[in-house]
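Tertiary structure, described
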Amino acid sequence: MSVSETTPPVDQKKDNAGSLAMLRTLGAISFVSGILLSVVYQATFSRIQTNTEERIRSTVLELVPGSVIQKEFTFFSEASPDVPRTVYAGYDASGTFLGVALEAIDLGGYGGEIKLLYGYIPDEHKIVGTKVLLCKETPGLGDKIKTDEHFQKNFESLSVPLDDSRQHLLYPLKLVKAGAGGGPGQIEAISGATISSTAVVNGMKESTEVVLPLVHQHLQELKEQGK
Amino acid sequence: MSTEARPLIIGSSPHIRVKQSVPDIMFHVALALLPVAAFAVWSFGLSALLLLLTTTAACVATEHTACLIARRSTTIRDWSVVVTGLILGLTLPPSTPLWMAVLGSIFGVSVTKSLFGGLGYNCFNPALVGRAFLQIAFPIPLTTWTPPDLPGRFSSLLPTTLTFPFLRADTAALADYIRTALASGGVDGWSGATPLSMWKFAEVPQFESLPRLFLGSIAGSTGETATWLIILCGLYLIARNMMNWRIPAGMLLGAFLLSGAFWLSDKTHYPSPMFMLFSGGLMFGALFMASDMVASPMTSAGVWIYGFFIGMVTVIIRIFGALPEGVMFAILLGNAVSPLITSATQPRTYGLVRQKRWIKQ
Amino acid sequence: MSMEKKGPSSWDVFFAGFWRDNPVFVMLLGTCPTLAVTNSVINCFAMGVSTLFVLVMSGILISMLRNFIPKQVRIASFIVVIATFVTIVDYLIQSISLDLYDSLGAFIQLIVVNCIILGRAEAFASRNGVMRSVLDAIGMGIGFTIALLCLGVVREVLGNGTLLMNTPYEISLFGPRFEPWSVMILPPGGFFVLGVELLFFNWWRKRKEARALAQAKA
């Protein structure tokens, strides 16, 4: 691309170019850079948007067994009314409600933020799997939360019943050392990746305690929306 | 005022001084480590013996090879590398696979000592650098502990000791082995924890009794358990004027004061200062590792600051860190700041006015 | 390019970055990304290619503008140009693959402050024509990628026992019983490997120079 037209010629041999010349040069460069950036932003925006949506959609369909349609809901809990809680509901082809995928976020990972979705079947009070969406953990160490089979198994069929008040979990999630688990609500850590495991469980704990009661509150709404 | 009582003796040169050479001191340090090593073998058996022999041999071999590569006469006869090897072996858990011990020896001696020019140029304690490398490289085998006085420890090796090089240490087999051995002695349970990790990671902090800590019938690294023996051996070196007593004194004082302050604030959460001093590697670190002559400051005031600093950092890491033990990293940090301490505590030259800036070397 | 001073041939300019003036092993520039992203081969590759792209594009623009930028504001101008292309790379990678984007983390944005790019803009692109600047940028970019891979291969093989992990072409080298050296994946491993490789390359260079000297004398 040709930029020289927009840039006033300045005698480079003159070391003390006037302030005006400097301002003009910087202004012109910033102008060109702005144009370039907005062009690229426009060009890639829809791709990035589809990428993000596609990632969430495929994850939701994967996490809620049997689902082919995904719908997004936003609820607010009374305890933290400022934070919107996104609930992705999964339906089969005839529109029957099957389950939901919920977001869990924790900032305490080794590389900062960890974001994951987990599938939850409200009628069975069960978590049926997780999928990590955003993970900046160290490759080969912390990012085992994505691949470690033993760790994934914790969440494959995790019973998370609510207590009688329907406001809290009967057994809040708890991280235990590898090989020491088995109790209700207990998650076994990956040995050697304690920080990342802790972050995952903290995110899940926060999310389950707030969103699971919410899902049960709005269960009727979720079931009707599919029809 | 009686000037006669303490006459000032002035002799003309040449002055004859007691000969105390580096090989001499290092030899005595190695000698003082032998009882500690013997206790380690007695409480952890054949595996500990093999571990100590391996680290010592590997350290000596590394130094010799490095001297050959650099085309210098070998320096293994000054005993310092033997001390390094013994200390490294004594700071590792008894079940450490031998190939890891060899790797740690090679790394510690070559990177910290040989590359910088040999004894006197190492800014860190080589044994501790090797230990730190292993701790970060292989966190699981290096935090797997074995109970002391296991039945059958003199007739068989722990299953992880002879792990094939570069393969994973089978900690599950080790746990089985320990359970069977303990059952044969009539003991059922074994938590796999050292006194420090029982305090830090148990849901309700548990404090091991002081007599057991002092006598050494606890789990831990091979050489750090018998506090009484470590103190005795250290006192021997201090009595022979081969160790600067201010370093361990400063370190123990620092750890005692800081952990005492925490203890007074909450006695159910924080262990007593005596527990802090007698548990883990603090005593061994104070007497045999922090006192490393090369990596510690050179002024008397600086040595106090250095010891005090290490003691406090140890307590801070133990209480707030991710790991239950912090002596190793505290001493390495102390090594790192010791040149700064030396230059900041330079004594004033007689007759000069103190200058208000750092003295340039 | 008639106003160009007589200098090294274009060929020389191109190959300088590979080895003789390798940005990492010889000039010791850009060590921050070198230490940070080299814990897996695929990260090295993505980082190398992104840096190459930014180098080439900013090299073109800066060498084109070199006669119009007043001396006092040259650094500011260079940084604006570089930051523009880094942001473009950032968008492009997001639109190609979100997984790759996540694994490179903050390091894409940090290409802005990679000294190699500003260094080449200041030392080469602002004094040479477009063609030569492009050649220099490609050479430097490839040299940087080679250096990253030199570290990345060692770190991934020792730290995880694999090559090309997190890609469909992952190869396990030592089987499932290999004990990974976690330290190699963590930041200290980057320092260790860079140190050892610098030692080796410097030793090699010294030996070569000594031999050349001996030959010249003989």
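Quantities reported herein were computed from a predicted structural model and do not represent experimental measurements.

1. Section: the overall build of chain B
- Each helix and strand in chain B was counted, giving 14 helices and zero strands.
- Against the 2.2 N^0.38 benchmark of 21 Å for 361 residues, chain B shows a C-alpha radius of gyration of 22 Å, consistent with a compact globule.
- For the C-alpha atoms alone, the extent of chain B along its principal axes is close to 70 × 55 × 40 Å.
- The buried share among the 361 residues of chain B stands at 51%.
- Within chain B, counting contacts between residues at least 6 apart in sequence, those at least 24 apart form 76% of the total.
- Surface accessibility of chain B: about 17,700 Å² in total, with carbon and sulfur atoms responsible for 67%.
- Of the side chains in chain B, 22 bear a positive and 14 a negative charge, and the two mean positions are spaced by 16 Å.

2. Some remarks on the confidence of the model for chain A
- Per-residue confidence for chain A averages 81 on the pLDDT scale, and 90% of its residues sit at or above 70.
- Here residues 1-14 of chain A is a poorly scored stretch, pLDDT under 50, and it has 21 contacts once near neighbours within four places are set aside; other chains count.

3. Overview of a nonpolar patch on the surface
All names here are of chain B.
- Taken together, Leu210, Trp245, Leu253, Phe256, Leu257, Met274 and Trp304 make up a surface patch of nonpolar side chains, about 600 Å² in accessible area.
- Broken down by element, the nonpolar patch gets its largest block of residues, three residues, from helix H10 (residues 246-265).
- Counting through the fold element by element, phenylalanine 256 comes out in helix H10.
- Given a relative accessible area of 33%, phenylalanine 256 falls into the partly exposed group.

4. A short note on the sheet that holds strand S1 (residues 69-75) of chain A
Residues and elements named next belong to chain A.
- Read from one edge to the other, the open sheet built from six strands follows the order S1-S2-S3-S4-S5-S6, with strand pairing classed as antiparallel. What marks the edges here is a single partner per strand, and that holds for S1 and strand S6 (158-159).
- One ladder, built from two bridges, connects strand S5 (residues 126-135) with S6; its direction is antiparallel. From the neighbouring strand, lysine 126 faces S6, where its bridge partner is serine 159.
- Docked against the sheet, helix H1 (residues 19-63) engages S1, strand S2 (85-91), strand S3 (97-109), strand S4 (112-121) and S5, running at close to 160° with respect to S5.
- The strands touched by helix H4 (residues 194-217) within the sheet are S1, S2, S3, S4 and S5, with S3 carrying the most contacts at an inclination of about 140°.

5. Considering unusual backbone geometry
- Backbone geometry places His125(A), a non-glycine residue, at a positive phi of 55°.
- Turning to its location among the elements, His125(A) is positioned in the loop between S4 and S5.
- Its identity is not glycine, yet Asn241(B) carries a phi of approximately 60°, on the positive side.
- Position of Asn241(B) among the secondary structure elements: in the loop between helix H9 (227-239) and H10.

6. Points about the interface of chain C and chain A
- Taken together, the contact between chain C and chain A spans 35 residues of the former and 38 residues of the latter.
- Together chain C and chain A conceal approximately 3,100 Å² of surface at their shared face, both sides included; 69% is due to carbon and sulfur atoms.
- Of all residues in chain C, Phe68(C), Tyr91(C) and Asp102(C) bury the most surface against chain A, accounting for 19% of the area lost on that side.
- Where chain C touches chain A, the interface holds zero salt bridges.
- Where chain C meets chain A, there are four residue pairs in polar contact (both at pLDDT 80 or more).

7. Describing the interface of chain C and chain B
- Counting from both sides, the interface comprises 11 residues of chain C and, opposite them, 15 residues of chain B.
- The junction of chain C with chain B conceals about 1,200 Å² of combined surface from both sides, 69% of it contributed by carbon and sulfur atoms.
- For the chain C face of the interface with chain B, the top three residues by lost area are Arg177(C), Glu179(C) and Trp181(C), together amounting to 51%.
- The interface formed by chain C and chain B holds zero salt bridges in total.
- Remark: the boundary between chain C and chain B carries five residue pairs in polar contact (both at pLDDT 80 or more).
- Residue assignment for the side of chain C that touches chain B shows that the elements contributing at least two residues are helix H8 (182-185) and helix H9 (187-217) of chain C.

8. Observations concerning the packing of aromatic side chains
- Following the criterion strictly, the structure yields 26 aromatic pairs over all chains and no others.
- Ring geometry for Phe166(B) and Trp181(C): centres 6.1 Å apart, planes at 5°, overall stacked. With Phe166(B) in the loop between helix H5 (126-137) and helix H6 (171-184) and Trp181(C) in the loop between strand S2 (171-172) and H8, this residue pair bridges two chains.
- Here the aromatic rings of Phe174(C) and Phe178(C) are separated by 4.7 Å at their centres, their planes lie at 25°, and the arrangement is stacked.
- For Phe174(C), a relative accessible area of 42% translates into the label partly exposed.
- The class for Phe178(C) is buried, based on a relative accessible area of 6%.
- In textbook terms, an aromatic cluster arises when at least three aromatic residues are bridged by ring pairs, as seen for Trp99(B), Phe107(B), Phe133(B), Phe138(B), Phe166(B), Trp181(C) and Phe192(C).
- Here the basic side chain of Arg153(B) rests over the ring of Trp42(B), its NZ or CZ set 5.5 Å away from the ring centre.
- Here the basic side chain of Lys267(B) rests over the ring of Trp263(B), its NZ or CZ set 4.6 Å away from the ring centre.

Rules and cut-offs
- Residues numbered from 1 in each chain as written.
- Chains lettered and ligands numbered in written order.
- Predicted model: local features only at pLDDT ≥ 70, side-chain atom pairs only at ≥ 80, totals over all residues.
- Heavy atoms only, no water.
- Helix = DSSP H or I, 4+ residues; strand = E, 2+ residues; numbered from the N terminus.
- Rg over C-alpha atoms; globule rule 2.2 N^0.38 Å.
- Buried < 20%, exposed > 50% of the residue type's maximum accessible area, 1.4 Å probe, protein only.
- Contact = heavy atoms within 4.5 Å.
- Areas by Shrake-Rupley, 256 points an atom, 1.4 Å probe, with all protein chains shown as cover.
- Lys, Arg positive; Asp, Glu negative; His and termini not counted.
- Charge placed at Lys NZ, Arg CZ, Asp CG, Glu CD.
- pLDDT = per-residue confidence, 0-100.
- Patch = residues over 30% accessible without salt bridge, like charges linked within 9 Å, V, L, I, M, F, W, Y side chains within 5 Å.
- Salt bridge = Lys/Arg side-chain N within 4 Å of Asp/Glu carboxyl O.
- Pairing = 2+ DSSP bridges.
- Axes fitted to C-alpha atoms, helices over the stretch in contact; angles between N-to-C directions.
- Buried area = accessible area lost by both parts, 1.4 Å probe.
- Polar contact = N/O pair within 3.5 Å; in protein donor to acceptor, adjacent residues only side chain to side chain.
- Phe/Tyr/Trp six-rings, centres within 6.5 Å; stacked < 30°, edge-to-face > 60°.
- Lys NZ or Arg CZ within 6 Å of the ring centre and 35° of its normal.

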